[in-house]
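Fold and contact review
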Amino acid sequence: MVAAGAALADEVGLAGLTMGLLAERLGVRTPSLYKHVGGQEDLIRRIAALALSEVGDAIGSAVQGYAGRDALAAAARSFRTFVLEHPGRYGATIGLEPSGPDDPLATASQRSLGPFRAVLRGYDIADPDVDHALRMLRSLFHGFATLQAANSFQWSADIDESFEWLIAFADRGLRATRGG
């Protein structure tokens, strides 16, 4: 049911996802959904956990065998592709906080950060700076991908070239930060 909700969110947008619409899609009555989820908020949290796990797996697969700039580029491209292909489920990940360490959202969040941590190891970022570097990468790649998904780049420059420019910019910054 969560996978169906995630697919529906990708199709109609997260804001358009309702329990009634999901029930209709699944061919059940809306009250039947409440046997599986606690309501709309619970469904969104579960979609977010699914999305974070999926994006973490996609990025992890993409960076296998790469290091340095090549790993960074593979991670960035994989992340961007995920956001563009799954805008609804990715949208569910924004602004949610885990309720505690046992929350599936916490586990999925760490899973999604794992590949980026691996990328940063290739840059020899000092331990105290890893969280800052992770936030920087997420801000860059999230910002670009969500703006692109919202069709916000409407000037003439090629979007793919701009994204490659962003990757090069991040690579230069990380190399300049090497070792703290």
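Below: a short report on this structure. (Residues numbered from 1 in each chain as written. Predicted model: local features only at pLDDT ≥ 70, side-chain atom pairs only at ≥ 80, totals over all residues. Heavy atoms only, no water.)

Notes on the overall build of the chain
When you go through the chain residue by residue, the secondary structure sums to nine helices and zero strands. When the backbone C-alpha atoms are referred to their principal axes, the chain occupies close to 55 × 45 × 25 Å. Across the 180 residues of the chain, 41% fall into the buried class. A fraction of 67% describes how many contacts in the chain between residues 6 or more apart in sequence connect residues 24 or more apart. For the chain, the accessible area works out to roughly 9,600 Å², and carbon and sulfur atoms hold 52% of it. Taken together, the 17 basic and 21 acidic charged side chains of the chain have centroids lying 2 Å from each other. (Helix = DSSP H or I, 4+ residues; strand = E, 2+ residues; numbered from the N terminus. Buried < 20%, exposed > 50% of the residue type's maximum accessible area, 1.4 Å probe, protein only. Contact = heavy atoms within 4.5 Å. Areas by Shrake-Rupley, 256 points an atom, 1.4 Å probe, with all protein chains shown as cover. Lys, Arg positive; Asp, Glu negative; His and termini not counted. Charge placed at Lys NZ, Arg CZ, Asp CG, Glu CD.)

Overview of the side chain of Ser53
Within the secondary structure, Ser53 is located in helix α4 (residues 40-63). Excluding anything up to four places from it in sequence, Ser53 contacts Ala108 and Arg111.

Some remarks on the nonpolar core
With 33 residues, the main nonpolar core has Leu72, Phe79, Phe116, Leu120, Leu137, Phe141 and Leu174 as its most contacted residues. Elements with a contribution of two residues or more to this core: α4, α5 (68-85), α7 (104-121), α8 (130-149) and α9 (159-177). Broken down by element, this core gets its largest block of residues, nine residues, from α5. The residues contacting Leu72, other than those within four sequence positions of it, are Val119, Tyr123, Leu137, Phe141, Ile167, Ala170, Asp171 and Leu174. (Core = buried A, V, L, I, M, F, W, Y, C linked by side-chain atoms within 4.5 Å.)

Concerning the packing of aromatic side chains
Per the stated rule, a full pass over the model turns up eight aromatic pairs. Between Phe144 and Phe153, the aromatic rings sit 4.8 Å apart at their centres with planes inclined by 40°, giving tilted as the arrangement. Both residues of the pair, Phe144 and Phe153, belong to the buried class. Between Phe153 and Trp155, the ring centres sit 5.7 Å apart and the planes meet at 75°, which makes this aromatic pair edge-to-face. By relative accessible area, Trp155 is classed as exposed at 56%. (Phe/Tyr/Trp six-rings, centres within 6.5 Å; stacked < 30°, edge-to-face > 60°.)

Notes on the environment of Gly68
With respect to the helices, strands and loops of the structure, Gly68 is situated in helix α5. Distance from Gly68 to Ala118, taken between C-alpha atoms, is 9.7 Å for residues 50 residues apart in sequence.

Details of the layout of surface pockets
Think of a ball as big as a water molecule: rolled over the atoms, this probe shows where empty space is left. In this model, the largest pocket occupies a volume close to 550 Å³. Together, 23 residues line the largest pocket, and Leu52, Ser109, Ser112, Leu113 and Arg138 are the ones closest to its centre. Only α4, α7 and α8 provide two or more residues apiece to the lining of the largest pocket. Taken together, the residues of the lining of the largest pocket break down into 13 nonpolar, six polar and four charged. (1 Å grid on protein atoms, 1.4 Å probe; cavity = no way out; pocket = protein on both sides within 12 Å on 5 of 7 lines; lining within 4 Å. Points joined across faces, edges and corners; volume = space filled by probe spheres on them. Nonpolar A, V, L, I, M, F, W, Y, C, P; charged D, E, K, R; others polar.)

A closer look at α7
Compared with the 26 Å implied by 1.5 Å per residue over 18 residues, the 26 Å span of α7 between its first and last C-alpha is a close match. The largest bend in α7 amounts to roughly 30° and is located at Gly114, with the proline Pro115 lying one to four residues further along. Every buried residue of α7 is listed here: Leu105, Ala106, Ala108, Ser112, Pro115, Phe116, Val119 and Leu120. Buried residues in α7 make contact with α4, α5, α8 and α9. At the N-terminal boundary of α7, the capping side chain belongs to Asp103, with an oxygen 2.8 Å from the backbone nitrogen of Leu105. (Expected span 1.5 Å × (residues − 1). Bend = angle between axes of the 7 residues up to and from the residue. Polar contact = N/O pair within 3.5 Å; in protein donor to acceptor, adjacent residues only side chain to side chain.)

So, the packing of α8 against α9
With their axes 11 Å apart at the nearest point, α8 and α9 run at an angle of 175° to one another. The angle between the axes of α8 and α9 places the two elements in the roughly antiparallel class. Where α8 approaches α9, its residues Ala133, Met136, Leu137, Leu140, Phe141, Phe144 and Gln148 are matched on the opposing element by Ile159, Ser162, Phe163, Leu166, Ile167, Ala170 and Leu174. Among the residues forming the contact of α8 with α9, the class breakdown is twelve nonpolar, two polar and no charged. (Axes fitted to C-alpha atoms, helices over the stretch in contact; angles between N-to-C directions. Parallel < 35°, antiparallel > 145°, perpendicular 65-115°, else oblique.)

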